[in-house]
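# Inside the fold
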Amino acid sequence: MSEKPLMDAIARLVPPGSRVLDLGCGDGALLDHLQSTRACSGYGVEIDDAKVLACMRRGVNVLQLNLEDGLTMFGDNAFDVVLQIDTLQHLRNAETMLRETARVGRLGVVAFPNFAHWPNRLHVLQGRMPVTKRLPYQWYDTPNIRVGTHADFEVLARRNGLTIEDSFGLQEGREVRVLPNLMASTAVFRFSS
Amino acid sequence: MIVTPQTFHFSEPLPLRSGATLPAYELVVETYGTLNADQSNAVLICHALNASHHVAGWYADESGQPLARSEGWWNNMIGPGKPVDTDRYFVIGVNNLGSCFGSTGPTHLNPATGTPWGADFPVVTVEDWVDAQARLLDAMGIQTLAAVMGGSLGGMQTLSWTLQYPERVRHAVVVASAPNLTAENIAFNEVARRAIVTDPDFHGGHYLSEGTLPRRGLRIARMIGHITYLSDDVMNEKFGRSLRSSDAEDPTATAELAYRYSTQEVEFQIESYLRYQGDKFSEYFDANTYLLITRALDYFDPARSFDGNLTAALARAQAKFFLVSFTTDWRFSPARSREIVKALLDNQRDVSYAEIDAPHGHDAFLLDDARYLQAVRAYFEQTIAGTRA
C-alpha cells in the first residue's frame, strides 16, 4: 500500500496538538505530517543510519535508539500518543514493546500487516507462504519476524489489559470496518491502558 | 582557507568558581566567515583537552602559502562548504583560560610576582571558561549564538552554555560528551596527573622558573590518554601484535622478526607508537595546563547542585539540542550521551540524537565518518531554516 493513505488514516487517530512518540519512525514523513497538519510535536525513534539522516533533513526530532533495548528513556505517560506503524512485526520483544507503548503513551496506535487477509490465506491454502504487495518478502528473507493477524492482536491486547478504543483494517487506502481480519491487508488499532 | 588568530584583552577581573579572581586576561580567538547584519549566524566552537582556538583553516608562511601541518583541529567539520559552513555561519574558535596556546595560562607571567604563574595559576572550571567566552561575545557585540558546538570536554562547555546563558544559545551540538565524568574516567585523569606531578623535573609546578620541563610525566600522561581515546578493535587493526615500527617498511621482515627478549627496549609497534605520541606531546604541551584541564573535566557536574538530578539541572536549558555519540567510545560512552538525551526529554526539549557505529573510539569525533558529518550538516542546514523562521 502507498504511504499517503496510511499516513492520513493514522493522522485521523491522533488528537490535534498531541505530543507524539513515533517508534520506528522511518524517514520521519508521518511525524512531519502530524506536525504540519495537526500541530503535533514530539520525537521519532529510529535505528537505521540513512533513515535517521532523512529525519534530520526534514527537521524532525529523531533519536537513534534500538527499540529492542526497551523504552526506559521515556517516562510513564510522557506522551499523548505513541505510534508503532509497521514496527511491531520487526521486534523480537513485540509483547514487551506493546506494554511499554501503553506505559509511555496515554494512547497507543499500532499498524501492521494482517496475515489473515484473504489473499494470504489463499497462498497458505496452496501450501506456500504469501508474497504480496503488502508482504513482498520471501519466507527466508523477510524482516517481519512477528507474523500476526487482526484477530491475534485483539487477543494480545486483551491479555495485556489494554482497552481497544478503535480498530479497523486498511485496504488500498480505505478503512475497512466489516470483516477487517479477512478483507484488509493492514490492521490498525488505537488503544489505551 | 588561510586564517589568523587575534587577541582580545580583558581588564575587568573574572571571578572564578574556586573563589579566586583572575585580575586581567587575554583570550586568543580565530573567526571564520562573516557575521550577518542581524548577528544571527554566530557559532561558537568549544575545544577539548589538547586543542585550541585554531579550529579550521591553515596558517600562512611568509609567502602566503599554507604552512605545512598547520591545519585546524576540526578542519574536516568547519570551513567553506563543510558541515558547519563558514559561507553561511560566522564561526568563532576561542582558546580557553589556563591553556598553553596563547590565552592567559600558567606559562604566562603572574602580574603579582613577575614570574610565570606555574602551579599558582588558579583552578578554572568549565563554568569559568563559559563565563570568559560570554565576555568575549560581549566584546564582539554578539548577543545570541545560532549554535554552540563542541566534542568531549568541548561538549561539556556546550552543555554548560545552555545552562549558564540559556537565552543566548539557540542550538547546542554536543558530540561524544557526558554530563560528568565517571569514577573510572577521573581515575585515568589522576594517573596522568600523578605521572606529571611525580616527575622530578616538575618542581611543584614551578619548572619554568627552574629552567626544566617535566617531559617524562607529560609523555606518560599522554600515553595513558591516548589509549583511552582509541578502541580495542582499532588498536588491534592498526598495530595488532606487530613488532617494532623500524621494520614496518618491510612486512615480511616484520613477520619474521625475532623477539628481543628485552624488558625495556621497544618490542611491539603499539609501544613505539605510544612513545612517539608521548614524545611529540611533551614538546608542545604545558604540564600545568594538563593538570588544570583534566581537573576542569573532573569538576564538571551540572547535576551536583540538584542532588544529582540531571533532569532538574537541565530544566533551565532553552536551546534545541543535537547530540552525537560513537558506539566504540568507552571514555565518553553512548550511555552518557543518552543520559543527557533523557534529561532533555524529561524537560520536553527539542532534541535529536545520533549514535554512530564507528570503530575509532573517542577519537571518532575528530575523524571523517560520512554518517556523522552528514548528520551535523543536516542539523546546521535545519538550524538555518529555524533561524529564518
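Read on for a plain summary of the structure. (Residues numbered from 1 in each chain as written. Chains lettered and ligands numbered in written order. Predicted model: local features only at pLDDT ≥ 70, side-chain atom pairs only at ≥ 80, totals over all residues. Heavy atoms only, no water.)

## Observations regarding the overall build of chain A
From N to C terminus, chain A includes seven helices and eight strands. For 193 residues, the compact-globule estimate of 2.2 N^0.38 gives 16 Å, and chain A sits close to it at 16 Å. Seen through its C-alpha atoms, chain A measures out along the principal axes to roughly 45 × 35 × 30 Å. Taking all 193 residues of chain A together, 52% fall into the buried category. Taking the contacts inside chain A whose residues are at least 6 apart along the sequence as the reference set, 64% of them involve residues at least 24 apart. Of the side chains in chain A, 21 bear a positive and 22 a negative charge, and the two mean positions are spaced by 4 Å. (Helix = DSSP H or I, 4+ residues; strand = E, 2+ residues; numbered from the N terminus. Rg over C-alpha atoms; globule rule 2.2 N^0.38 Å. Buried < 20%, exposed > 50% of the residue type's maximum accessible area, 1.4 Å probe, protein only. Contact = heavy atoms within 4.5 Å. Lys, Arg positive; Asp, Glu negative; His and termini not counted. Charge placed at Lys NZ, Arg CZ, Asp CG, Glu CD.)

## A closer look at the overall build of chain B
Along chain B, the regular secondary structure elements total 12 helices and 12 strands. In terms of overall size, chain B behaves like a compact globule, its C-alpha atoms giving a radius of gyration of 21 Å where 389 residues would be expected to give roughly 21 Å. Principal-axis analysis of the C-alpha atoms gives chain B an extent of 65 × 55 × 50 Å. In chain B, which comprises 389 residues, the proportion classed as buried is 55%. Long-range pairs, those at least 24 residues apart, make up 71% of the contacts in chain B with a sequence separation of at least 6. For chain B, the accessible area works out to roughly 16,200 Å², and carbon and sulfur atoms hold 50% of it. Between the mean site of the 31 positive side-chain charges and the mean site of the 46 negative ones, chain B shows a separation of 3 Å. (Areas by Shrake-Rupley, 256 points an atom, 1.4 Å probe, with all protein chains shown as cover.)

## Re the interface of chain A and chain B
Between chain A and chain B, the contact holds 17 residues from the first and 20 residues from the second. Summing both partners gives a buried area of about 1,600 Å² for chain A against chain B, and 57% of it is carried by carbon and sulfur. When the area that chain A buries against chain B is broken down by residue, the three leading residues are Met56(A), Gln64(A) and Met73(A), summing to 37%. The interface formed by chain A and chain B contains one salt bridge. The residue Asp49(A) makes a salt bridge to Arg371(B) at a minimum N-O spacing of 3.3 Å. Those elements that provide at least two residues to the side of chain A that touches chain B are α3 (49-58) and β3 (62-64) of chain A. If you tally residues by element for the side of chain A that touches chain B, the top one is α3(A), at five residues. A class-by-class count of the residues in the side of chain A that touches chain B yields nine nonpolar, four polar and four charged. (Buried area = accessible area lost by both parts, 1.4 Å probe. Salt bridge = Lys/Arg side-chain N within 4 Å of Asp/Glu carboxyl O. Nonpolar A, V, L, I, M, F, W, Y, C, P; charged D, E, K, R; others polar.)

## Quick word on the packing of helix α3 (residues 183-197) of chain B against helix α9 (residues 287-299) of chain B
Residues and elements named next belong to chain B. With their axes 10 Å apart at the nearest point, α3 and α9 run at an angle of 160° to one another. As far as their axial angle goes, α9 and α3 are roughly antiparallel. Remark: the crossing between α3 and α9 carries left-handed chirality. Contact with α3, carried on its side by Ile186, Asn189, Ala192, Arg193, Ile196 and Val197, involves Ala287, Tyr290, Leu291, Thr294, Arg295, Leu297 and Asp298 of α9 and no other residues of that element. When the residues that make up the contact of α3 with α9 are grouped by side-chain class, the tally is eight nonpolar, two polar and three charged. (Axes fitted to C-alpha atoms, helices over the stretch in contact; angles between N-to-C directions. Parallel < 35°, antiparallel > 145°, perpendicular 65-115°, else oblique. Left-handed = near helix turned anticlockwise from the far one by under 90°.)

## Describing unusual backbone geometry
Glycine aside, negative phi is the norm for most residues, and most peptide bonds take the trans geometry. Despite not being glycine, Ala39(A) shows a phi value in the positive range, around 55°. Under the relative-accessibility criterion, Ala39(A) is labelled exposed at 57%. For Gln39(B), which is not glycine, the phi torsion reads 55° and is therefore positive.

## Description of helix α5 (residues 215-229) of chain B
Residues and elements named next belong to chain B. Helix length check: α5, at 15 residues, gives a terminal C-alpha distance of 21 Å against a target of 21 Å (1.5 Å per residue), a fit within 8%. For α5, the set of buried residues is Gly217, Leu218, Ala221, Arg222, Ile224, Gly225, His226, Thr228 and Tyr229. Tucked inside the fold, the buried residues of α5 contact α3, α8 (269-284) and α9. (Expected span 1.5 Å × (residues − 1).)

## Comments concerning a nonpolar patch on the surface
Residues Trp118(A), Leu122(A), Leu125(A), Val178(A), Leu179(A) and Met183(A) make up a contiguous nonpolar surface patch of roughly 650 Å² in combined accessible area. When you line up the elements, Trp118(A) lands in helix α5 (residues 118-125). (Patch = residues over 30% accessible without salt bridge, like charges linked within 9 Å, V, L, I, M, F, W, Y side chains within 5 Å.)

## Observations regarding the nonpolar core
One finds Phe74(A), Trp74(B), Ile78(B), Trp161(B), Phe321(B), Phe326(B) and Tyr372(B) to be the most contacted residues of the largest nonpolar core, which totals 132 residues. Excluding residues within four positions of it along the chain, Phe74(A) makes contact with Leu21(A), Val45(A), Leu63(A), Leu65(A), Phe79(A), Arg103(A), Val104(A) and Leu345(B). Core analysis: the second largest hydrophobic core is formed by 23 residues, Ala9(A), Ile10(A), Leu83(A) and Ala111(A) among them. (Core = buried A, V, L, I, M, F, W, Y, C linked by side-chain atoms within 4.5 Å.)

## Here we look at the pairing of strand β4 (residues 79-85) of chain A
Residues and elements named next belong to chain A. Within β4, six of the seven residues are buried, which leaves the element mostly enclosed by the surrounding structure. Relative to β4, strand β1 (residues 19-23) is paired through three bridges, and the arrangement is parallel. Following the sheet pairing, Leu21 is matched in β4 by Val82. Bridge analysis of β4 against strand β5 (residues 105-113) gives six bridges, and the strand direction is parallel. Opposite Leu83, over in β5, you have Val109 as the bridge partner. Once the chain exits β4 it traverses helix α4 (residues 94-104) before rejoining the sheet at β5, and the crossover so formed is right-handed. (Pairing = 2+ DSSP bridges. Right-handed = clockwise from strand over helix to strand, strands pointing away.)

## Looking at α8(B)
An α-helical turn contains 3.6 residues, so a residue and the one three or four places further along point in the same direction. All names here are of chain B. A rise of 1.5 Å per residue sets the reference length of α8, with its 16 residues, at 22 Å; its end C-alpha atoms lie 23 Å apart and thus fit the reference within 8%. Those residues of α8 not exposed but buried are Gln269, Ile270, Ser272, Tyr273, Leu274, Gln277, Gly278, Phe281 and Ser282. Packing partners of the buried residues in α8 comprise α5, α6 (232-238) and α9.

## Here we look at the pattern of salt bridges
All names here are of chain A. Applying the stated criterion to the full structure yields 33 salt bridges over all chains. Taking the shortest distance from any N to any O, the salt bridge between Asp80 and Arg106 comes out at 3.0 Å. Of this pair, Asp80 sits in strand β4 while Arg106 sits in strand β5, placing them 26 residues apart in sequence. Given a relative accessible area of 45%, Arg106 falls into the partly exposed group. Several salt bridges share partner residues, and in doing so they unite Arg12, Asp166, Glu175 and Arg177 into one network.

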